[in-house]
Every structure is written in C-alpha cells, then in structure tokens.
Amino acid sequence: MKYSTAGESHGQGILALVEDFPAGLTIDFDLINAELRRRQGGYGRGGRQKIETDTAEILTGIWRGQSTGAPITLWIKNQDCRIDTAPDITCPRPGHADLAGAVKYGLPIRPVLERASARETAGRVAAGALAKHLLRRQNITVIGFVKSIGTFTLPADDRHFTPEELLQRRNESEFYTVFPEQDCELKKYVDGIAKDGDTVGGVVEVRAFYVPIGLGSHVQWTDKLDGKLARAVMSVQSVKGVEIGLGFESARTLGSAMHDPIGYDAGLEHAPCRGFVRQTNNAGGIEGGMTNGAAVVLRAAVKPIPTLLKPLDSIDLMTKKPMPAVYERSDVCAVPAASVVIENAAAWEIADGLQNETACGGKI
Ligand SMILES: Cc1cc2nc3c(=O)[nH]c(=O)nc-3n(C[C@H](O)[C@H](O)[C@H](O)COP(=O)(O)O)c2cc1C
C-alpha cells in the first residue's frame, strides 16, 4: 500500500490519496473522524483548532460503504481557507521550512509555510485510521501516548498497564499521557511556559500489541520494519529522534542485560507470538527488521514549536537586514497532537507490513 498527501494549511483542504488498499473492507467513518478529532485536541493547542472541525469525506474508492481496491481519496476541508489573501512574510522563522524552502524553490515564504505546516498531518492521520481497519481484523491495537513534556517528570513505570488500561488512561488525560492524575500539574507547567512566550516539546511512545511474529523482513533493507517505522515517524513535523525498544540506552547497556531471553509457552502456540515469549522487551518487539511476537515499542522526540511569541533573530529576505522572526498564530505545545499523528503513522506501517505478507511468501 502507499499514500501521499496534498493540500495547504489555509488552502481548500487536505487530501490523502491511498493506493493498493484491499477491497471488501467496510469503512468505519466514525473511527477515522474520531482520530481526526483527537489530532485537533490535547492541551496546548492554539486558536486554529477552534476554527476547524476536521471530518474526512471519502471521494473515491468506496462503493456502498466498502473499499473496492481502487485508489481511495480522503478529503478534509479547511474552514480557515484564505491562502490567496493571507499576507506574505519576508522574515523566515528559525526551526521552520521557511528559509530553505524559499531559497530552494525561489518562492516567497507563504507558499512554503502553507505546505510545510503540520496541518498536513490531518491527511496522515486519516490514512493511518484507514489502515487501522486492517489491524482491527487481526485484533492488533496500536496505542500512542505522551511519555513526557519538557522536563516535567511523569511516573516512570507504565510498563505494567494492559492495552485496555493504557487506552482508558490516555483517553482520560487532556495531555494524552497515561497519568491523567498529573494533568493539573502539567497544565501549570505548560501555562508557565506559555506565559513566558515560550514553547515546549516532549516524548511520544507508541505500543503495538498482538502483532504477529515475522512482520517486515531481513532479506532487503527497504523491507525492514524498524527502518520503515523510523522513516514514517521521523518525517512527522517536529520529530527529531526515533528509538525502538531500549533505543539510545542500548548503547550504554551490556549485551547480557540488553537482549531478551527466549522462552516457550505451549498455551500460546496459536497466539500472534506462536508461543515464543520474552520476560523483557528491550528489543521493542523487532529483531532483524521483523516483529518477534512481543509488543512493538517506539518512542519519538518532538521538538518545541518553533513559532515563538518572543521571536528569535532572523534576516529579512528582501533587505538582508536583521529582523525578529514573524509570529503566526501558533500552538504552545503540540506533543499530544503529535502523539496522534505518530500513532497513525506507525499503524500505517504495521498494516502495510501485514499486507506485504501475502506477497513475500511469508507464513504468518
Ligand atoms: C501536530 C503538530 C502541530 C504543530 N503546530 C505548530 C504550530 O502551531 N506552530 C508552529 O510553528 N509549528 C507547529 N508544528 C511544528 C512545525 O510544523 C514543524 O516544526 C515545522 O514544519 C518544521 O519541521 P521540522 O520540525 O520537522 O523540521 C506542529 C507540529 C505538529 C506535529
């Protein structure tokens, strides 16, 4: 399967074109729209989200509610559509595509920022939510949540939560963390940062449960699931790091402590792990580019929003004179929203891995 997106932040809307999606699946519009709503939410979002009410319209590829195997077009209309009258800016914002995009394409900054904007992630979420239909058939659950925001410390041990507990706790939190009881303190922390005219990033974790052993492949580098997940997640706006399992910590860990001993439980012979169990999951469920039957665990580092109320120094592209960067209406903390995008980007890759199984002679 593949998908691409089109559309501008203040253009007519955002489009996702999904190709090679299998025929015969009943499309659950509520599932797609619930994910779009979640992307718009989360504490720390700015004024734009009050204007938009994202819902996906399916323009092609569906007949009587079912996929037909033809390309599927998901369309999310923008309410705040004013791209042709929105003022151009001449002073690029550090941390954005503004400078490099304007130089590379010989364009003013406006069309660059319009396409680079994270509004595009609405298309990725819609495509990911579509892919979740394939995961649902196999009871695979992909859950993204906020692991930390800035230097605010959340309880470290969330490993014992079941998928159901993770979901319930995450859905109770305005920050999409799995410790909703910390929301009050987190609000004070984020509000303090906003009051100073600053922004804050954080870490997102995604866990995928009940993924069958053997998704992905060791035989070609382009087929390795860890590589595909890393690319999908790294390309989400603001993501500056991706790790799987112990990730960067594995570089400081000895082999004896790092690798997860293999056990066998005959009672689980028909489970997605085919009976092969691990007491630890430092590998994050992937070895040799393939799932190993344990939960897939990845984390992403999300940088702080680059648009600042107290703008950083920049250069006016017309005069080449120093000028403070322009302030465009902006979020203070997009980590909760990013967690929804990252979850759906990961869900797409796992669903794509499932689809590839039939093609590669695997025996899953
Ligand atoms: C869900 C989400 C919402 C975002 N909202 C904003 C925003 O309101 N203002 C802003 O300046 N950047 C925002 N960003 C970040 C920029 O889109 C991103 O930093 C920029 O496009 C540059 O890309 P890069 O950080 O990947 O290099 C957001 C990112 C995400 C994932």
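Since this is a predicted model, take the numbers as computed values, not measurements. (Residues numbered from 1 in each chain as written. Predicted model: local features only at pLDDT ≥ 70, side-chain atom pairs only at ≥ 80, totals over all residues. Heavy atoms only, no water.)

(A) Looking closely at the pattern of salt bridges. Scanning all chains against the criterion turns up 26 salt bridges. Ionic pairing is found between Glu 114 and Arg 110, a salt bridge with its closest N-O pair at 2.9 Å. Within this pair, Glu 114 and its partner Arg 110 are both found in helix 4 (residues 109–116), separated by four residues, close to a single helical turn. The network of salt bridges with shared partners includes Lys 147, Asp 158, Glu 205, Arg 207, Glu 243 and Arg 299. (Salt bridge = Lys/Arg side-chain N within 4 Å of Asp/Glu carboxyl O. Helix = DSSP H or I, 4+ residues; strand = E, 2+ residues; numbered from the N terminus.)

(B) Structural context of the site of the ligand. Not every one of the 16 residues close to the ligand is listed here, only the nearest: His 96, Lys 303, Thr 307, Ser 330 and Asp 331. Note that an oxygen atom of the ligand is positioned 2.8 Å from one of the side-chain N or O atoms of Lys 303. Measuring from an oxygen atom of the ligand, one finds a side-chain N or O atom of Thr 307 at 2.4 Å. Burial of the ligand by the surrounding chains reaches 86%, relative to a free accessible area of 630 Å². Residue composition of the shell around the ligand, by class: six nonpolar, six polar and four charged. (Near = heavy atom within 4 Å. Polar contact = N/O pair within 3.5 Å; in protein donor to acceptor, adjacent residues only side chain to side chain. Areas by Shrake-Rupley, 256 points an atom, 1.4 Å probe, with all protein chains shown as cover. Nonpolar A, V, L, I, M, F, W, Y, C, P; charged D, E, K, R; others polar.)

(C) Layout of the sheet that holds strand 1 (residues 2–7). What the four strands build is an open sheet, ordered 1-2-6-3; its pairing is antiparallel. Unpaired on one side and paired on the other, strand 1 and strand 3 (56–60) mark the two borders of the sheet. Each neighbouring strand pair of the sheet contributes to a mean axis angle of 25°, computed without reference to strand direction. Note: strand 3 against strand 6 (residues 72–77), four bridges, orientation antiparallel. (Pairing = 2+ DSSP bridges. Axes fitted to C-alpha atoms, helices over the stretch in contact; angles between N-to-C directions.)

(D) Geometry of helix 8 (residues 225–234). Those residues of helix 8 not exposed but buried are Leu 225, Lys 228, Leu 229, Ala 232 and Val 233. Seen along its axis, helix 8 keeps its buried residues to an arc of 120°; they face one direction. (Buried < 20%, exposed > 50% of the residue type's maximum accessible area, 1.4 Å probe, protein only. Arc of directions from axis to C-beta.)

(E) Focus on the nonpolar core. Residues Phe 21, Ile 32, Leu 74 and Ile 342 are the most contacted members of the largest nonpolar core, which totals 73 residues. Element by element, the count of residues in this core is highest for helix 10 (residues 335–360), at twelve residues. Beyond its immediate sequence surroundings of up to four residues, Ile 32 is in contact with Ile 27, Ala 56, Ile 58, Leu 74, Ala 126, Ala 129, Leu 130 and His 133. (Core = buried A, V, L, I, M, F, W, Y, C linked by side-chain atoms within 4.5 Å. Contact = heavy atoms within 4.5 Å.)

(F) Expanded view of the packing of helix 1 (residues 29–40) against helix 5 (residues 121–137). Where helix 1 contacts helix 5, the axes come no closer than 9 Å and their chain directions differ by 140°. Taken as axis vectors, helix 1 and helix 5 run oblique relative to one another. Here helix 1 runs over helix 5; the crossing is right-handed. In this structure, helix 1 uses Leu 31, Ile 32, Glu 35, Leu 36 and Arg 39 to contact helix 5, whose residues at the interface are Thr 121, Ala 122, Val 125, Ala 126, Ala 129, Leu 130, Lys 132, His 133 and Arg 136. (Parallel < 35°, antiparallel > 145°, perpendicular 65-115°, else oblique. Left-handed = near helix turned anticlockwise from the far one by under 90°.)

(G) Just the packing of aromatic side chains, in detail. Under the definition given, this model contains six aromatic pairs. For Arg 38, the ring lying beneath its charged end belongs to Tyr 176, and the centroid distance is 5.8 Å. (Phe/Tyr/Trp six-rings, centres within 6.5 Å; stacked < 30°, edge-to-face > 60°. Lys NZ or Arg CZ within 6 Å of the ring centre and 35° of its normal.)

(H) Highlighting the sheet that holds strand 8 (residues 202–209). If you walk across this open sheet you meet the four strands as 7-8-14-9, and the pairing is antiparallel. Two strands lie at the open edges of the sheet, namely strand 7 (141–149) and strand 9 (239–244), each paired on one side alone. On average, each strand axis in the sheet is tilted by 20° relative to the strand beside it, whichever way the strands run. For strand 9 and strand 14 (residues 296–302), the ladder comprises five bridges, and the chain directions are antiparallel. Bridge pairing links Val 239 to Val 302 in strand 14.

(I) How the structure looks around the packing of helix 3 (residues 98–105) against helix 4. Contact pair helix 3 / helix 4: the axes reach a minimum separation of 9 Å and the direction vectors enclose 120°. Considering the angle they form, helix 3 stands oblique to helix 4. As for the relative orientation of helix 3 and helix 4, their crossing is right-handed in sense. Between helix 3, through Asp 98, Gly 101 and Ala 102, and helix 4, the contact on the second element is made entirely by Ile 109, Val 112 and Leu 113. Among the residues forming the contact of helix 3 with helix 4, the class breakdown is four nonpolar, one polar and one charged.

(J) A look at the side chain of Arg 110. Judged by relative accessible area, Arg 110 falls into the buried class, the value being 6%. Not counting the four nearest positions on each side in its chain, Arg 110 is found in contact with His 10, Ala 86, Pro 87, Asp 88 and Glu 328.

(K) Spotlight on unusual backbone geometry. You will see that Asp 20, though not glycine, has its phi angle at about 65°, which is positive. Among the secondary structure elements, Asp 20 is positioned in the loop between strand 2 (13–19) and helix 1.

(L) Seen up close, the environment of Cys 273. With respect to the helices and strands, the residue Cys 273 is situated in the loop between strand 10 (262–264) and strand 11 (276–278). For Cys 273, a relative accessible area of 8% puts it in the buried group. Taking the C-alpha atoms as reference, Cys 273 lies 48 Å from Leu 99; in sequence the two are 174 residues apart. Non-local contacts of Cys 273, meaning those with residues more than four positions away in its chain, are made with Ile 213, Leu 268 and Gly 293.

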